[in-house]
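Survey of secondary and tertiary structure
Residue-level listing of the chains:
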Amino acid sequence: MKRWLGEMKSSGVHQLACYLPFCRQSTVMAPGLDVDPRPNAAGDAEVVSDPTKHLVDSTGKATGSYQTINEALTAAKPGDTILVKEGRYEENACIQVENVTIRGHTKNPDLVRWQGRDASVIVFRAASGVISNLSLEQRGGGEVPTVEILQGRLTIQNCDIRNETPLGSGVRVAGIGVCPTLAANRIFDCKRNGVEVV
């Protein structure tokens, strides 16, 4: 059974105000909230020397960095942070690492574009995690959500979430006990729903 989450539409951008019925602690907050501090480019050397942080650079120019988000996810351990530098990343990921944070390396999510085709950009299957400062874009065909949350407590903050598929949603929450938090995001260009609960 699908439950639609209410929306207020302003200038083509979905600003969500909703209640996720399967978990009383789920929240969707309006844009404009403070988010975690972001590192700057000068901190790259510190990131590479810290074993709990993994730097992703699509150009491969940053010393000790990974070229794809999936490579960094493979190396990550529970509680690690993946910092993604400016660029375009065309890949889909299933996140199963517990309490991992994937964060854009800049304040502007438009500069860090994570694009997927024919499958969700992110399928989340862990107890907890954080995604922030990224532009998440679904460009394939069919009924594919940009982000699919299948378990746990995922926090998505300061992200742009777009879905250009004919029947896709921005975020799909599936399953009892799934408790996401969406804070300060822009969800737009979704042909179906901004957020749906299945």
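So, a few notes on the structure that sits alongside this text. For clarity, every value in this text was computed on a predicted model and none was experimentally measured.

Judged by how many residues are buried, strand β11 (residues 122–132) sits mostly within the fold: 8 of 11 residues are covered. In this sheet, β11 lies alongside strand β9 (residues 100–104) in parallel orientation, the contact comprising 4 bridges. Each residue of the ladder has a partner; that of Ile102, found in β11, is Ile131. Relative to strand β13 (residues 147–157), β11 runs parallel, the two sharing 9 bridges. Note on β13: the bridge partner recorded for Val123 is Glu148.

This brings us to the environment of Ala184. Summarising the element assignment, Ala184 is placed in the loop between β16 (181–183) and β17 (186–188). Taking relative accessible area as the criterion, Ala184 reaches 11% and is therefore assigned buried.

Looking at the secondary structure, you find Ile131 in strand β11. Residues Ile131 and Ile82, spaced 49 residues apart in sequence, show a C-alpha to C-alpha distance of 9.6 Å. If we ignore the near neighbours within four places in the chain, the residues touching Ile131 are Ile95, Ile102, Ile122, Leu136, Leu154, Thr155, Ile156, Gln157 and Cys159.

Below, the discussion takes up the pattern of salt bridges. Tallying each qualifying case throughout the model produces 10 salt bridges. Between Arg113 and Glu137 there is a salt bridge, and its shortest N-O distance comes to 2.8 Å. Pair noted here: Arg113 is in strand β10 (residues 112–116) and Glu137 is in strand β12 (residues 135–138), with a separation of 24 residues, a long-range link. Overall, the relative accessible area of 29% leaves Arg113 in the partly exposed class. For Arg139, the salt bridge goes to Glu164, with nearest N and O atoms at 3.0 Å. In this pair, Arg139 is assigned in the loop between β12 and β13 and Glu164 in the loop between β14 (160–163) and β15 (171–173), connecting sequence segments 25 residues apart. The structure contains a network of salt bridges with shared partners spanning Glu143, Glu148, Arg172, Arg192 and Glu196.

The rules behind the values
- Residues numbered from 1 in each chain as written.
- Predicted model: local features only at pLDDT ≥ 70, side-chain atom pairs only at ≥ 80, totals over all residues.
- Heavy atoms only, no water.
- Buried < 20%, exposed > 50% of the residue type's maximum accessible area, 1.4 Å probe, protein only.
- Helix = DSSP H or I, 4+ residues; strand = E, 2+ residues; numbered from the N terminus.
- Pairing = 2+ DSSP bridges.
- Contact = heavy atoms within 4.5 Å.
- Salt bridge = Lys/Arg side-chain N within 4 Å of Asp/Glu carboxyl O.

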